[in-house]
Amino acid sequence: MNVLLIGSGGREHALAWKLKQSPLLGKLHCIPGSAAISALAACPPVKQEDHDGIYGYCLAQNITLVVIGPEAPLAAGLTDFLTGKGIKVFGPSQKGAMLEASKQFAKEFMERNNIPTAEFSVLFSAAFAREKIAANKKYPVVIKADGLAAGKGVRICASEAEALAAVEDFMQKRVFGSAGSIVVMEEFLTGREASVMALTDGESALLLPAARDHKRLLDGDKGPNTGGMGAVCPVEISEEDMEIVRTEVIGRFLAGLKKERITFRGVIYAGLMFTPEGPRTLEFNVRFGDPETQAVMPLIKSDLLPALAACAEGRLEGRELELAHGACVTVVAASAGYPEAPETGKAITGLYDQPSGVQVFHSGTAGRDGAYFSAGGRVLSVTARGKDAQDARRKAYAALSGIKFEGMQYRRDIGL
Ligand code: AMP
Ligand code: GLY
C-alpha cells in the first residue's frame, strides 16, 4: 500500500514513524512533510492547499490511501475532493470537519444529539453579546470564538469586564479575523481534563487510550494557552466514566452522524472535562491531537495502517488494536518567545543516539547540511515510553537534558 500523509508537524512525524513500521506499507509519501519526515517519506514540492496537485501526485505515485493530519485541509474539503475522484482518504468530509471549524455547529450538534456538554448560548452580534453578558450572573464564564483560532480562541473570563473585553477583541477588533464573527458563551466547568480519540468509519468506533495534554505555557498550568506543551498517555479514568464516554459521547456522536448524513471516516477527538456530575464534552477535534499523538502512537502495538485503511473503506467493525504495556510522556521543547513571537533559526544539538524507547519527533525544525535548526514555536516533541508514567517522565526529561538550542523552553511537570 502506498500512503500519502498530509501535514508537517510533530503529529505527522509520529504518524509517519508508526506507519513506516507497517509490513503492508509500500512507499510512504508526505505533503508538505518536513526535513525530519523526509528521512521516512518522500516529500515532493506540492502544497497542502493545492488539491489538484495532490490528486495528480496520487495518480502518479499510485497512492492507495491518503491520511490527513491537520484540520485546515479537512475544513477546506480535501477529503471530499479526493474521494470524489475515487481516492481513499482517512479524514472526515468538509461537513464533518465543521465539528471543529465551528464551535456553534459543534455545540448545536451536541445539543441535537444529547451529547453531554456545557450549557451555552450562541451570540451572533456584539450588541446581543453585551446584552447576554449583562444578564449573566455566574462567573467565571467561557467565551469562545466560533472559528479556527489555533487553540487560542477560548477565554475564561472571571468578570463581566473580562467577558466584554473578549467580545470586543473577538467580534469588533477581530483578533482572529472572521473566526470571531460569532462567539459562543459557555458555562464554566471544573474537574479533570482528558482527551479520548477514536478511529471511526462513521458506523463503529475504536477508542484509543485516553491522553492528557498540557495547554498552558508554564509549570503548574500557568501562563498563556499554547498549542500544547506536552502530553501523557494513558490517564486513569474510572470504568464508569469511560462507559459514559463510550455510549453518551462517542456513541451519540456516531448516531448524530447517521441522522445528519455526515460522512466521517477518520479520527474524532473528544476534549473532555470529568466534572463531579460526570463527563462533559468541551470540544471536538476532527483529527489526531498534537501533541497527544506523539504520546499515543508508541503505545499502539498493532499495525496502525490496516486500521486506518479500514476506516477509509468503511469496514472498521470488529477491528481491535493491541496496546503496549506502560505509559508514554511527550515533552515539547519550544522556542524562546513562544507563543507570541517565537525566535527561530537556532541550531539544535544532541538529537541523535537516543536510548531505546525514546523518540524525538520534530514539531518545527528545518534541516540544512545534515543539521537541524528551530523553525517554529513548538520545535521538538521528546517522547519516552516507560513501565509507568513516572518512568516515562524520567526517561523523557533525561533525553531532553542532552538536547539544546538557544532559548529552548519546556515545562518540568508534564505527566506529574
Ligand atoms: P477548547 O479549545 O474548547 O478545548 O478550550 C481550550 C481549553 O479551555 C480547554 O482545554 C479547557 O481547559 C478550557 N475550557 C474550554 N471550555 C471550558 C469550559 N466550559 N469550562 C472550563 N474550561 C473550559
Ligand atoms: N492538543 C490539542 C489539539 O490537538 O487540539
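Keep in mind the model is a prediction, meaning the values are calculated, not measured.

1. Quick notes on the sheet that holds strand 16 (residues 278–285)
Thought 1: Read from one edge of the open sheet, four strands run 10-9-15-16, paired in antiparallel fashion. Because the sheet does not close on itself, it has two edges, and the strands there are strand 10 (205–207) and strand 16. Going from strand to strand, the sheet's axes swing by 35° on average, the running direction of each strand aside.
Thought 2: Sheet analysis places strand 9 (residues 192–200) next to strand 10, joined by three bridges and oriented antiparallel. Across the sheet, residue Leu 199 finds its bridge partner in strand 10, namely Leu 206.

2. Comments concerning the site of ligand 2
Thought 1: Close contacts around ligand 2 come from Asp 213, Tyr 269, Asn 285, Arg 287, Gly 289, Asp 290, Pro 291 and Glu 292, and that covers them all.
Thought 2: Arg 287 places a side-chain nitrogen or oxygen 2.8 Å from an oxygen atom of ligand 2.
Thought 3: One of the side-chain nitrogen or oxygen atoms of Glu 292 is found 2.8 Å away from a nitrogen atom of ligand 2.
Thought 4: In isolation ligand 2 offers 200 Å² of accessible surface; the protein chains occlude 89% of this area.
Thought 5: Among the residues forming the shell around ligand 2, the class breakdown is two nonpolar, two polar and four charged.

3. Considering helix 12 (residues 389–401)
Thought 1: Between its terminal C-alpha atoms helix 12 stretches 18 Å, which fits the 18 Å expected from 13 residues at 1.5 Å a residue.
Thought 2: Regarding helix 12, the residues found buried are Asp 391, Ala 392, Arg 393, Ala 396, Tyr 397, Ala 399 and Leu 400.
Thought 3: The inward-facing, buried residues of helix 12 contact strand 17 (327–334), strand 19 (358–362) and strand 22 (378–386).

4. What about the site of ligand 1?
Thought 1: Near ligand 1 you find 15 residues, and of these Glu 186, Glu 187, Leu 189, Glu 193 and Glu 283 are the closest.
Thought 2: Glu 186 places a polar side-chain atom, nitrogen or oxygen, 2.7 Å from a nitrogen atom of ligand 1.
Thought 3: Separating an oxygen atom of ligand 1 from a side-chain N or O atom of Glu 283 is a distance of 3.0 Å.
Thought 4: With the chains in place, 91% of the 470 Å² that ligand 1 exposes on its own is no longer accessible.
Thought 5: Those elements that place two or more of their residues in the shell around ligand 1 are strand 6 (141–145), strand 7 (154–157), strand 8 (183–187) and strand 16.

5. What to know about the packing of helix 5 (residues 94–101) against helix 6 (residues 103–112)
Describing two packed helices takes the angle between their axes plus the distance from one axis to the other.
Thought 1: Helix 6 packs onto helix 5 with a crossing angle of 100° between their chain directions and a minimal axis gap of 6 Å. One element, helix 5, and the other, helix 6, form an angle in the roughly perpendicular class. The residues of helix 6 that touch helix 5, namely those facing Lys 95, Met 98, Leu 99 and Ala 101, are Lys 103, Phe 105, Ala 106 and Phe 109.
Thought 2: Residues belonging to the contact of helix 5 with helix 6 are distributed by class as follows: six nonpolar, no polar and two charged.

6. A closer look at the sheet that holds strand 2 (residues 28–32)
Thought 1: Pairing is parallel across the open sheet formed by four strands, whose spatial order is 2-1-3-4. In this open sheet, the two edge strands, each paired with only one partner strand, are strand 2 and strand 4 (89–90).
Thought 2: Note: strand 3 (residues 65–68) against strand 4, two bridges, orientation parallel. Residue pairing across strands places Val 67 opposite Phe 90, the latter belonging to strand 4.
Thought 3: Sheet strands in contact with helix 1 (residues 10–19) are strand 1 (3–7) and strand 2, and its direction is about 165° off that of strand 1.
Thought 4: Across the sheet, helix 11 (residues 305–312) is in contact with strand 1, strand 3 and strand 4; its angle to strand 3 comes to roughly 95°.

7. Section: the pairing of strand 15 (residues 266–275)
Thought 1: Extensive coverage of strand 15 is indicated by the burial of ten of its ten residues.
Thought 2: Two elements, strand 9 and strand 15, share nine bridges in a ladder whose sense is antiparallel. Each residue of the ladder has a partner; that of Ala 198, found in strand 15, is Ile 268.
Thought 3: Pairing of strand 15 with strand 16 involves seven bridges; the strand directions are antiparallel. Residue Ala 270 lies in a different strand from strand 16, and its bridge partner there is Phe 284.
Thought 4: As consecutive antiparallel partners, strand 15 and strand 16 are separated by two residues.

8. Examining the pairing of strand 20 (residues 365–368)
Taken residue by residue, a regular strand's side chains alternate between the two faces of the sheet.
Thought 1: The pairing of strand 20 with strand 21 (residues 371–374) spans four bridges and is classified as antiparallel. Looking at strand 21, one finds that Thr 365 is bridged to Ser 374.
Thought 2: Here strand 20 folds back onto strand 21 in antiparallel fashion, the turn holding two residues, of which Asp 369 has a positive phi close to 50°.

9. Regarding the packing of helix 7 (residues 126–135) against helix 8 (residues 160–172)
Thought 1: Contact geometry of helix 7 with helix 8 gives a least axis separation of 10 Å together with a crossing angle of 165°. As judged from the angle between their axes, helix 7 and helix 8 are roughly antiparallel. Two packed elements cross with a definite hand, and for helix 7 against helix 8 that hand is right-handed. When helix 7 is examined against helix 8, the residues Ala 126, Ala 129, Arg 130, Ile 133 and Ala 134 are found in contact with a partner set consisting of Glu 160, Ala 163, Leu 164, Val 167, Met 171 and Gln 172.
Thought 2: Looking at the contact of helix 7 with helix 8 residue by residue, the classes come out as eight nonpolar, one polar and two charged.

About the criteria used
Residues numbered from 1 in each chain as written. Chains lettered and ligands numbered in written order. Predicted model: local features only at pLDDT ≥ 70, side-chain atom pairs only at ≥ 80, totals over all residues. Heavy atoms only, no water. Pairing = 2+ DSSP bridges. Helix = DSSP H or I, 4+ residues; strand = E, 2+ residues; numbered from the N terminus. Axes fitted to C-alpha atoms, helices over the stretch in contact; angles between N-to-C directions. Near = heavy atom within 4 Å. Polar contact = N/O pair within 3.5 Å; in protein donor to acceptor, adjacent residues only side chain to side chain. Areas by Shrake-Rupley, 256 points an atom, 1.4 Å probe, with all protein chains shown as cover. Nonpolar A, V, L, I, M, F, W, Y, C, P; charged D, E, K, R; others polar. Expected span 1.5 Å × (residues − 1). Buried < 20%, exposed > 50% of the residue type's maximum accessible area, 1.4 Å probe, protein only. Contact = heavy atoms within 4.5 Å. Parallel < 35°, antiparallel > 145°, perpendicular 65-115°, else oblique. Left-handed = near helix turned anticlockwise from the far one by under 90°.

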